[in-house]
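# Residue-level structure breakdown
Listed here are the chains, written in short residue letters.
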Amino acid sequence: MASKSESKEPVNEQVIANMYGAMRSELNQIYSKITELEMEVSEHSLVINAIQPLDPTRRCYRMIGGVLVERTIKEVLPAVLRNKEGLEEVIARLNETLEKKKKEIADFETKYKIRIKKSDGDEKDESSKKEGSAQGVLVGPASSSQ
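In this text, all values refer to a predicted model and were calculated from it rather than measured experimentally. Residue indices begin from 1 for each chain and proceed along its sequence in written order. Per-residue local features of the predicted model are confined to residues with pLDDT of at least 70, and side-chain atom pairs are confined, for both listing and counting, to 80 or more; whole-chain, interface and lining totals are unaffected and use all residues. As a convention, hydrogens and water are excluded, and side-chain values are obtained from all of the structure's heavy atoms.

## So, the overall build of the protein
In this text, helices come from DSSP runs of H or I with a minimum length of four residues, and strands from runs of E with a minimum of two, each type numbered from the N-terminal end. A tally of helices and strands in the protein yields four helices and two strands. Listing every helix and strand of the protein by position from the N terminus yields α-α-β-β-α-α. The buried share of the protein, taken over its 146 residues, is 18%. The contacts of the protein with a sequence gap of at least 6 include a subset with a gap of at least 24, amounting to 65%. A simple rule labels every residue: compare its accessible area, found with a 1.4 Å probe on the protein chains alone, to the largest value its type can have, and call it buried under 20%, exposed over 50%, or partly exposed in between. The contact criterion used is simple: two residues touch if any of their non-hydrogen atoms lie within 4.5 Å.

## Looking at the side chain of Lys 101
Locating Lys 101 in the fold gives a position in helix H3 (residues 73-111). Not counting residues within four places of it along the chain, the set of residues in contact with Lys 101 comprises Met 23, Glu 26, Leu 27 and Ile 30.

## Examining the packing of aromatic side chains
Pairing of aromatic rings covers Phe, Tyr and Trp, the last through its six-membered ring, and needs centres within 6.5 Å; plane angles under 30 degrees mean stacked, over 60 mean edge-to-face, and all others mean tilted. Tallying each qualifying case throughout the model produces two aromatic pairs. Summarising the aromatic geometry, the rings of Tyr 20 and Phe 108 are spaced 6.3 Å apart at their centres and angled 10° between planes, so their arrangement reads as stacked. Residue Tyr 20 is found in helix H2 (residues 13-51), and its partner Phe 108 is found in helix H3; the two are separated by 88 residues along the sequence. Here the two residues Tyr 20 and Phe 108 agree in accessibility, since each one is buried. Ring geometry for Phe 108 against Tyr 112: centres 4.8 Å apart, planes inclined by 55°, an arrangement best described as tilted.

## Points about a nonpolar patch on the surface
On the surface, Val 11, Val 15 and Met 19 cluster together into a nonpolar patch covering about 260 Å² of accessible area. Classification of Met 19 by relative accessible area gives partly exposed; the value is 36%. Note on patches: the residues involved have over 30% relative accessible area and no salt bridge, like charges join within 9 Å, and the nonpolar side chains Val, Leu, Ile, Met, Phe, Trp and Tyr join within 5 Å. With residues, only the protein chains shown are counted as cover, and all accessible areas are computed by Shrake-Rupley using a 1.4 Å probe. We define a salt bridge as a contact between a side-chain nitrogen of Lys or Arg and a carboxyl oxygen of Asp or Glu at a distance within 4 Å.

## What about the environment of Val 90?
Structurally, the position occupied by Val 90 is in helix H3. Taking relative accessible area as the criterion, Val 90 reaches 32% and is therefore assigned partly exposed. Measuring from C-alpha to C-alpha, the distance between Val 90 and Leu 37 comes to 8.3 Å, with 53 residues separating the pair along the chain.

## Observations concerning the UniProt feature "coiled-coil region" (unreviewed entry) in the protein
UniProt positions are given in the numbering used here, feature names are shortened, and annotations may be inferred rather than shown by experiment. Under the UniProt annotation, "coiled-coil region" (unreviewed entry) lies at residues 84-111. Span residues 84-111 is 100% helix and 0% strand, its end C-alpha atoms 40 Å apart.

## Describing the layout of surface pockets
In this structure, the largest pocket occupies an estimated 210 Å³ of space. Taken together, Glu 43, His 44, Val 47, Ile 51, Cys 60, Tyr 61, Arg 62, Met 63, Val 76, Val 80 and Asn 83 make up the full set of residues lining the largest pocket. Elements with a contribution of two residues or more to the lining of the largest pocket: H2, strand S1 (59-64) and H3. Only Asp, Glu, Lys and Arg are considered charged in this grouping, and only Ala, Val, Leu, Ile, Met, Phe, Trp, Tyr, Cys and Pro are considered nonpolar; every other residue, Gly among them, is considered polar. Here the lining of the largest pocket is composed, by residue class, of seven nonpolar, two polar and two charged. Buriedness of a pocket was judged along seven lines, with at least five required to meet protein on both sides within 12 Å; pockets are open sets of points on a 1 Å grid over the protein atoms alone, cavities are sets where a 1.4 Å probe fits but cannot get out, and lining residues have an atom within 4 Å of a point. Grid points are joined across faces, edges and corners, and a volume is the space filled by probe spheres set on the points.

## Regarding H2
Between its first and last C-alpha, H2 extends 57 Å over 39 residues, near the 57 Å set by a 1.5 Å rise per residue. Residues of H2 that are buried: Ile 16, Tyr 20, Met 23, Leu 27, Ile 30, Ile 34, Leu 37, Val 41, His 44, Ser 45, Ile 48 and Ile 51. Against H3 lie the buried residues of H2. The backbone nitrogen of Gln 14 has a side-chain oxygen 3.1 Å away, supplied by the residue at the start of H2, namely Asn 12. To estimate the expected span of a helix, count its residues, drop one, and scale the result by 1.5 Å. By the criterion applied in these results, polar contacts are pairs of N or O atoms within 3.5 Å in which, for protein atoms, one can donate a hydrogen and the other can accept it, and in which residues neighboring in sequence qualify only through two side-chain atoms.

This is the structure we're talking about:
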C-alpha cells in the first residue's frame, strides 16, 4: 500500500533535492530577467529625458534590429515611449510569476520540511570584514580643504 502512494511522490531525498534546486534556479532566472528589464527601462527613461526637450524636427539615430536608422525626434520619441510601457508590462507580469513561484517553493518547503542551512556566524564575520576594509576611504578632491 505504501509503495503505491510513494510512486506518485518523489522517490527519495535526492529527487526532492533536485526538484527543489530546479525550482530555486527558475526563481533566480526570473529575478535576473526582471533586473535586466528594469535596466532597459531605466535606459529608455534616460533617452526619453534626453530627447524630450529637443526640437521635434531634429534628426536622431535609432538602432533597429542591428541597423542604425536616421529618424526625427518626432518619430522616435513615441516609439521609445511605447517600448518603455511594454517593458513595464512585462516586468509586472514577471513579478506576478515571481510571486507564484515563491509561493510554490514555500509550499514545497513546507510539504517536504526543507530547511536551508545558513551559517550566520560566517556571514556576519565576512560582512564586518567588508565594512571594516571600506573605512578610511576618502571621496572627493583632497585639495579643496587647502
